[in-house]
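Examination of the molecular architecture
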Amino acid sequence: PDAANYYWIDSDESDLHNYYWIDVDDFGNQVWFENNDESVGPFDIGFEFPFYGSNYSEFIISPNGWIGFGVDNTEWENTSLPSSEAPMPAILAFWDDLNPLNAESSPDMSGQVKYYSDGQKLVVSYQEIVHWGDDEPYSFQIIIHNNGVIDINYSVMDGDRTSATIGIQNEHGEIAQQVIFNDTYIHNYLGLSFNKAPDWVSIDNQN
């Protein structure tokens, strides 16, 4: 766990958390980016989302593979966590120099982002997004629940999988739960889940 008692597990290691995918193609709200580095929003979450000791009702969506609950961060070159240079507070599903469809008409842009909330969970789905300078797409989604659970699902990830930051970070950039930074981990059809231990539970690195 990190200093705020958040921990994570993936579908490779868990008997309870299996990979799944929520299809929002037919009813999701498509977002339009001004360029390939500036976030859009804020949008209404649809409920109060508890995250690192605060409750949030709005969120922003970055074209670079993360959602946040504060001000934008246009940095496209990812770093390790925790860091005050990284997005905060934020959920980083695949923070990298991604290049979805945008109004600036960036060269070789491709893919779109849609979101949907039913009042119990919010789904933000990145669909067939490409990396800057590459044409191999990524498809992944962030799902946040009103009980604070965070799921990240990776579908078909054809591009380079070793150049991104994955994790969560608090509003000051001093506490984070990093899963990976510029290393091998992601594969197709992988589910990742974050949760916060109850205040009466203490989890150490061995247990």
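Scope of this entry: the structure provided in the associated data block. (Residues numbered from 1 in each chain as written. Predicted model: local features only at pLDDT ≥ 70, side-chain atom pairs only at ≥ 80, totals over all residues. Heavy atoms only, no water.)

1. Overview of the overall build of the protein
On a plain count of helices and strands, the protein comes out with zero helices and 13 strands. Taken over the C-alpha trace, the protein has a radius of gyration of 16 Å; the compact-globule value for 207 residues is 17 Å, and the two agree within 12%. Dimensions of the protein, computed from C-alpha atoms along their principal axes, come out at roughly 50 × 35 × 35 Å. Per-residue burial for the protein yields a buried fraction of 53% across its 207 residues. (Helix = DSSP H or I, 4+ residues; strand = E, 2+ residues; numbered from the N terminus. Rg over C-alpha atoms; globule rule 2.2 N^0.38 Å. Buried < 20%, exposed > 50% of the residue type's maximum accessible area, 1.4 Å probe, protein only.)

2. Looking at the sheet that holds strand 5 (residues 66-68)
Read across the open sheet, the six strands follow the order 3-4-5-6-11-12; overall the sheet is antiparallel. Edge positions in the open sheet fall to strand 3 (40-51) and strand 12 (176-181), since each of these has one partner strand only. In this sheet, neighbouring strand axes are inclined to one another by 20° on average, regardless of whether the strands run parallel or antiparallel. Here strand 3 pairs with strand 4 (residues 54-62) via six bridges, running antiparallel. Bridging from a neighbouring strand, Phe49 pairs with Tyr56 of strand 4. (Pairing = 2+ DSSP bridges. Axes fitted to C-alpha atoms, helices over the stretch in contact; angles between N-to-C directions.)

3. Quick notes on unusual backbone geometry
Going from Gly41 to Pro42, the amide bond is cis rather than trans, its omega being 15°. Within the secondary structure, Pro42 is located in strand 3. In this structure, Pro82 follows Leu81 across a cis peptide bond, with omega equal to 0°. Here the phi dihedral of Tyr189 falls at roughly 60°; this positive angle occurs in a residue that is not glycine. In this structure, Tyr189 sits in the loop between strand 12 and strand 13 (190-196). Tyr189 sits in the partly exposed class, given a relative accessible area of 47%.

4. A closer look at the pattern of salt bridges
As enumerated under the stated definition, the model contains one salt bridge in all. As a salt-bridge pair, Lys121 and Asp118 come within 2.7 Å of each other at their nearest N and O atoms. (Salt bridge = Lys/Arg side-chain N within 4 Å of Asp/Glu carboxyl O.)

5. With respect to the sheet that holds strand 1 (residues 6-10)
Pairing in this open sheet of seven strands is antiparallel, and the strands run 1-13-10-9-8-7-2 from one edge to the other. The outermost strands of the open sheet, each flanked by one partner alone, are strand 1 and strand 2 (29-31). Sheet twist, expressed as the average angle between the axes of neighbouring strands with direction ignored, equals 20°.

6. A few points about the packing of aromatic side chains
Here the structure, examined in full by the defined rule, presents 17 aromatic pairs. Here the aromatic rings of Trp8 and Tyr185 are separated by 6.0 Å at their centres, their planes lie at 80°, and the arrangement is edge-to-face. Placement of Trp8 in strand 1 and of Tyr185 in the loop between strand 12 and strand 13 is noted, with a sequence separation of 177 residues between them. Residue classification places Tyr185 among the buried positions, given a relative accessible area of 19%. With a centroid separation of 4.7 Å and 15° between ring planes, the pair formed by Tyr126 and Phe140 is classed as stacked. (Phe/Tyr/Trp six-rings, centres within 6.5 Å; stacked < 30°, edge-to-face > 60°.)

Purely geometric stuff here, so don't read any function into it on its own.
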